[in-house]
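# Architecture and fold: a report
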Amino acid sequence: MHTNDPLRPVVFAYTAVRDTLAAVATGDSRREPDDTVLAVSGAPVAGLNGVISPDLEPDPGVVEALADSASLRGLPWSIQVRGVPGPRISAVAARHGLTHVSAQPLMVRRCDAGTPSQPATCPLRVRAVRADELGLYAKIMAEGFGVPPEMFEIFADPALAEREGFTFYLAEVDGVPVGTGMAAVSGDLLGVYNISVLPDHRRQGHGLAITTEIVRAGHAAGATTAYLYSSAMGVPVYTSAGFHTAEILTWFTAPA
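For the structure given in this document, a descriptive report is provided here.

Across its full length, the chain holds 6 helices and 11 strands. Relative to the compact-globule value of 18 Å for 256 residues, the chain shows a C-alpha radius of gyration of 18 Å, a close match. Along the longest, intermediate and shortest principal axes, the C-alpha atoms of the chain span 50 × 40 × 30 Å. Taking all 256 residues of the chain together, 50% fall into the buried category. Accessible surface, the chain: about 11,600 Å² in total, of which carbon and sulfur atoms supply 55%.

Should their charged atoms come close, side chains of opposite charge can pair. All chains considered together, the criterion is met by 15 salt bridges. Across the salt bridge formed by Asp 35 and Arg 8, the nearest N and O atoms sit 3.2 Å from each other. Of this pair, Asp 35 sits in the loop between strand S1 (28-31) and strand S2 (37-40) while Arg 8 sits in helix H1 (residues 8-25), and the two are 27 residues apart along the sequence. As a salt-bridge pair, Glu 172 and Arg 127 come within 3.1 Å of each other at their nearest N and O atoms. In this pair, Glu 172 is assigned in strand S7 (residues 166-173) and Arg 127 in strand S6 (residues 124-128), connecting sequence segments 45 residues apart. Since its relative accessible area comes to 8%, Glu 172 is described here as buried. The exposure class assigned to Arg 127 is buried, which follows from its relative accessible area of 16%.

Looking now at H1. The end-to-end C-alpha distance of H1 is 26 Å, a good match for the 26 Å that 18 residues give at a rise of 1.5 Å each. The buried fraction of H1 is high, at 13 of 18 residues. Once H1 finishes, Gly 27 follows within two positions and takes phi at roughly 75 degrees, a positive value.

Turning to the packing of aromatic side chains, a few remarks are in order. For the coordinates displayed, the defined rule picks out 7 aromatic pairs. Measuring from ring centre to ring centre gives 5.2 Å for Tyr 137 and Phe 168, while their planes differ by 80 degrees; the resulting arrangement is edge-to-face. Of this pair, Tyr 137 sits in helix H4 (residues 134-145) while Phe 168 sits in strand S7, placing them 31 residues apart in sequence. Judged by relative accessible area, which is 0%, Tyr 137 ranks as buried. The class for Phe 168 is buried, based on a relative accessible area of 2%. Pairing Tyr 193 with Tyr 227 gives two aromatic rings, centres 6.1 Å apart and planes at 90 degrees, and the pair type is edge-to-face. Within this pair, whereas Tyr 193 is found in strand S9 (residues 189-197), its partner Tyr 227 is found in strand S10 (residues 225-229), the two being separated by 34 residues in sequence. Among the aromatic side chains, those forming a connected cluster through ring pairs are Tyr 137, Phe 166 and Phe 168.

The rules we used
- Residues numbered from 1 in each chain as written.
- Predicted model: local features only at pLDDT ≥ 70, side-chain atom pairs only at ≥ 80, totals over all residues.
- Heavy atoms only, no water.
- Helix = DSSP H or I, 4+ residues; strand = E, 2+ residues; numbered from the N terminus.
- Rg over C-alpha atoms; globule rule 2.2 N^0.38 Å.
- Buried < 20%, exposed > 50% of the residue type's maximum accessible area, 1.4 Å probe, protein only.
- Areas by Shrake-Rupley, 256 points an atom, 1.4 Å probe, with all protein chains shown as cover.
- Salt bridge = Lys/Arg side-chain N within 4 Å of Asp/Glu carboxyl O.
- Expected span 1.5 Å × (residues − 1).
- Phe/Tyr/Trp six-rings, centres within 6.5 Å; stacked < 30°, edge-to-face > 60°.

Distances and angles like these do not, on their own, reveal function.
The structure is reproduced here in structure tokens:
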């Protein structure tokens, strides 16, 4: 059914990560037969609550039915679809007050790119964290993204560390945390998330080093194709790590 859509497994993996975060944080997640997902984490972040479709032509009726969920009320939330949305999806979003439109590049690092070499970023150390360190992880990530700590409180839940395929990373210089990253492995796919670096430690190659270490660890775990959604600022960094822009993800959110 989806043989002519080679990127669908990648976007499906992304929806599964959002589904898992919501399931751990609130238990409020739902997947429709066409794999459109309603994931409500409860975090005050639009991207962590809402409706995501992995199809190139999402069903407006399914999207609208999920968008009507009472559990979204009072939260910042989003509708996320691939590529340039059609008028029917745009109309669904508008009916729900989601009139701000933005796009994120989906970047993919294919299996034929091989295992990346370890960058020379001494004395930076990138390590997986224990469950009891996730509070520190969430704090450093919030500082790296320049947002209040409560926005990423869901990442402090020790239950996340128990989820199969999820690994959380701290980057440290002389034992002091300076950045974060997260890996979500599903079969041969590796999702790279939450790459952040504290302001005083930027422009030293740390973001690239964290990304590279996560890709290396993913390869060791059998995940040969990596993907991530990038900000415009991050595209050159990820390109240097072997990622290439494959398509875009369009977000509908409420105006600021």
